[in-house]
Amino acid sequence: MNNDVLYWSAGVPFRIDNNKVIAGALKFSYGSELFPELYYLTVNGISKNDLIGHFKGNKKAAALIRELISARVLIKGVPRLNEMFYGLSPYTATLRDEELYLDPDKLEAAKNKIVNRNICGDLQTVPVRMEDTQIPDHLRSHCSTRSFDADKKIGFDELSAFLAVFRDNKFRKNARFYPSAGGLYPIDIYLCIKEKRVDKLEKGMYYYCPVNNSLYKLSDCIIEESFHYPTNREIYSSSAVSVLMVYNSGCNMPKYSYKGYAYALLDCGIMTELLYTEVSRLGAGCCSIGDMDFGKVEEMLGLPPESVMLHTIEIGPK
Ligand SMILES: Cc1cc2nc3c(=O)[nH]c(=O)nc-3n(C[C@H](O)[C@H](O)[C@H](O)COP(=O)(O)O)c2cc1C
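Since the structure is predicted, the reported quantities are computational estimates derived from the model, not experimental observations.

Chemist: So what's going on with the overall build of the protein? Which residues, and what values?
Modeler: Tallying secondary structure elements over the protein gives 13 helices and 12 strands in all. Seen through its principal axes, the protein has C-alpha atoms that stretch 70 × 60 × 40 Å. Here the protein holds 318 residues, and 29% of them are scored as buried. For the protein, the proportion of contacts with a sequence separation of at least 24, taken over those separated by at least 6, is 73%.

Listed below in structure tokens is the structure:
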């Protein structure tokens, strides 16, 4: 729609270098004369009609605007998670160690050092030793599962039990079983159910409504394996269900503005752990997947511009 308000995506910096426009990871060899005007026009939002009208008759401007829209530099709603933090990339480029990720021994050694760090290890004080408390069984058995038993199904009762951790808490008004900033619960839950992998349920995409504890079927399609990174495809190919966590920014941004995004990430982490704990307690397996082609999933789900995918958890029988 031409009256949609377009914004310069918050995490995308721009600069002009040798007459080229550099917007995030993209380089355009034309249109540098349109900057910084195009940036200033869009940073606080402008309708597409007004933007095109501003550069009326300028074909280069119209072409660049189209390209910036399709590259999601100009967006209608909230930025996707990766896009939010893109502006950090000049800093992270100084930290990134490509070799580390190509050499498994080097990575293992680095991981060992990171995981076993003690940032107060050099202090001369004697630490207060805590009691050696017994860890409950369901936490002791915590471990992400990356290969599921593809010949087994998840029972309908089991799936109901997993999802129950996200349902409304009928013993308290407008509350659920986990904390959420402002009690606004901005994470929507969708499921991708594989063919013949969950009792009673046909394959397809579903929305889980926590208020009436029900699933609404949205389509017969399921996520394609190719949407996942190659390293994650085996996990997806054997799982029975994918739990998709979507940030619905309309729920908490009216109260928290941009901070709503950060709070939603915290909510999402809390919900992930809650689901992990319940799945593990009931003897199934699960694995968090932090990234995939979320844009394609958003399209499949028909999400509005104020909703973005944040996270996925693959679940299946061990
Ligand atoms: C935000 C996040 C993203 C993750 N993404 C992936 C992933 O893409 N692929 C994968 O195999 N595991 C992924 N994991 C699982 C971690 O690799 C795993 O939790 C970690 O190695 C610790 O192992 P454990 O869960 O078995 O204790 C992710 C976990 C989190 C919290």
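Chemist: Residues and numbers for the sheet that holds strand β3 (residues 20-23), please.
Modeler: Strand order in the open sheet formed by 3 strands is β2-β3-β4, with antiparallel pairing between adjacent strands. A single partner strand is all that each edge strand has here, and the edge strands are β2 (14-17) and β4 (26-28). Along the sheet, successive strands turn relative to each other by an average axial angle of 25°, direction set aside. Judged from the 4 bridges that link them, β2 and β3 form a sheet pairing that is antiparallel. Residue pairing for β3: Phe14 is matched across the bridge by Ala23.

Chemist: For the domain arrangement of the protein, give the residues involved together with the corresponding values.
Modeler: We note that the domain assignment places domain 1 (5-90) and domain 2 (139-316) within the protein. The C-alpha centroid of domain 2 is placed 33 Å from the C-alpha centroid of domain 1. In this assembly, 6 residues from domain 1 lie in contact with 9 residues from domain 2.

Chemist: Residue-level account of the site of the ligand, with values.
Modeler: Lining the immediate environment of the ligand, one finds His142, Cys143, Ser144, Arg146, Asn232, Ile235, Cys287, Ser288, Ile289 and Gly290. Of all the elements, strand β11 (residues 285-289) adds the most residues to the shell around the ligand, at 3 residues.

Chemist: Describe the environment of Tyr258, and please don't skip the residues or the numbers.
Modeler: Mapped onto the elements, Tyr258 comes out in the loop between α11 (253-256) and α12 (259-281). Sequence-wise, Tyr258 and Gly269 are 11 residues apart; in three dimensions their C-alpha atoms are separated by 18 Å.

Chemist: Explain the sheet that holds strand β6 (residues 74-75) residue by residue, including any values.
Modeler: Hydrogen bonds between backbone atoms are what pair the strands of a sheet, whose relative direction is either parallel or antiparallel. Strand order in the open sheet formed by 3 strands is β5-β1-β6, and the pairing between neighbours is antiparallel. Only two strands of the sheet have a single neighbouring strand rather than two, namely β5 (46-47) and β6.

Chemist: Report on the nonpolar core, specifying residues and quantitative values.
Modeler: If you look at soluble globular proteins, the nonpolar side chains tend to sit buried side by side. Core analysis: the largest hydrophobic core is formed by 45 residues, its most contacted members being Val241, Leu244, Val246 and Ile315. Apart from the residues lying within four places of it in its own chain, the contact partners of Val246 are Ile187, Asp188, Tyr190, Leu303, Ser307, Val308, Met309 and Leu310. Among the nonpolar cores identified, the runner-up in size contains 16 residues, and Phe28, Leu51, Leu64 and Leu74 belong to it.

Chemist: Help me get a handle on α12, residues and values and all.
Modeler: Turn by turn, an α-helix covers 3.6 residues, leaving residues three or four places apart pointing in a common direction. Compared with an ideal rise of 1.5 Å per residue, which puts 23 residues at 33 Å, α12 spans 33 Å between its outermost C-alpha atoms and is within 8% of the ideal. Residues of α12 that are buried: Gly260, Tyr261, Ala264, Asp267, Met271, Thr272, Leu275, Tyr276, Glu278, Val279 and Ser280. Downstream of α12 by one or two residues, Gly283 has phi in the positive range, about 85°.

Chemist: I'd like a rundown of unusual backbone geometry, residues and numbers included.
Modeler: At the junction of Phe35 and Pro36, the peptide bond is cis and its omega measures out at 5° in the coordinates. Phi at Asn19 takes a positive value of approximately 65°, unusual for a residue other than glycine. Secondary-structure assignment places Asn19 in the loop between β2 and β3. Backbone geometry places Tyr185, a non-glycine residue, at a positive phi of 45°. Tracing the backbone shows Tyr185 in the loop between α9 (156-164) and β7 (187-193). Judged by the 22 C-beta atoms lying within 10 Å of it, Tyr185 is buried.

Chemist: Account for the pairing of β3, with residues named and values stated.
Modeler: Consecutive side chains of a regular strand alternate in pointing toward one face of the sheet and then the other. Burial along β3 is one-sided: the residues Val21 and Ala23 are buried and none of Lys20 and Ile22 is. Two strands pair when backbone bridges link them, and β3 and β4 are joined in this way by 3 bridges, in the antiparallel orientation. Bridge assignment links Ile22 to a residue of β4, and that residue is Lys27. Counting the residues between successive antiparallel strands, the hairpin from β3 to β4 contains 2 residues, one of them, Gly24, with a positive phi of roughly 60°.

Chemist: Before we move on, can you summarise the environment of Gly260 with the specific residues and values?
Modeler: Checked against the element boundaries, Gly260 lands in helix α12. The class for Gly260 is buried, based on 22 C-beta atoms found within 10 Å. Separated by 11 residues in the primary sequence, Gly260 and Ser249 have C-alpha atoms spaced 7.1 Å apart. Apart from residues lying up to four places away in sequence, Gly260 is in contact with Pro186, Ser249, Asn252 and Met253.

How each quantity is defined
Residues numbered from 1 in each chain as written. Predicted model: local features only at pLDDT ≥ 70, side-chain atom pairs only at ≥ 80, totals over all residues. Helix = DSSP H or I, 4+ residues; strand = E, 2+ residues; numbered from the N terminus. Buried ≥ 20, exposed ≤ 12 C-beta atoms within 10 Å, placed from the backbone. Contact = placed C-beta atoms within 7 Å. Pairing = 2+ DSSP bridges. Axes fitted to C-alpha atoms, helices over the stretch in contact; angles between N-to-C directions. Domains from an automatic or database assignment. Near = placed C-beta within 6 Å. Core = buried A, V, L, I, M, F, W, Y, C linked by C-beta atoms within 7 Å. Expected span 1.5 Å × (residues − 1).

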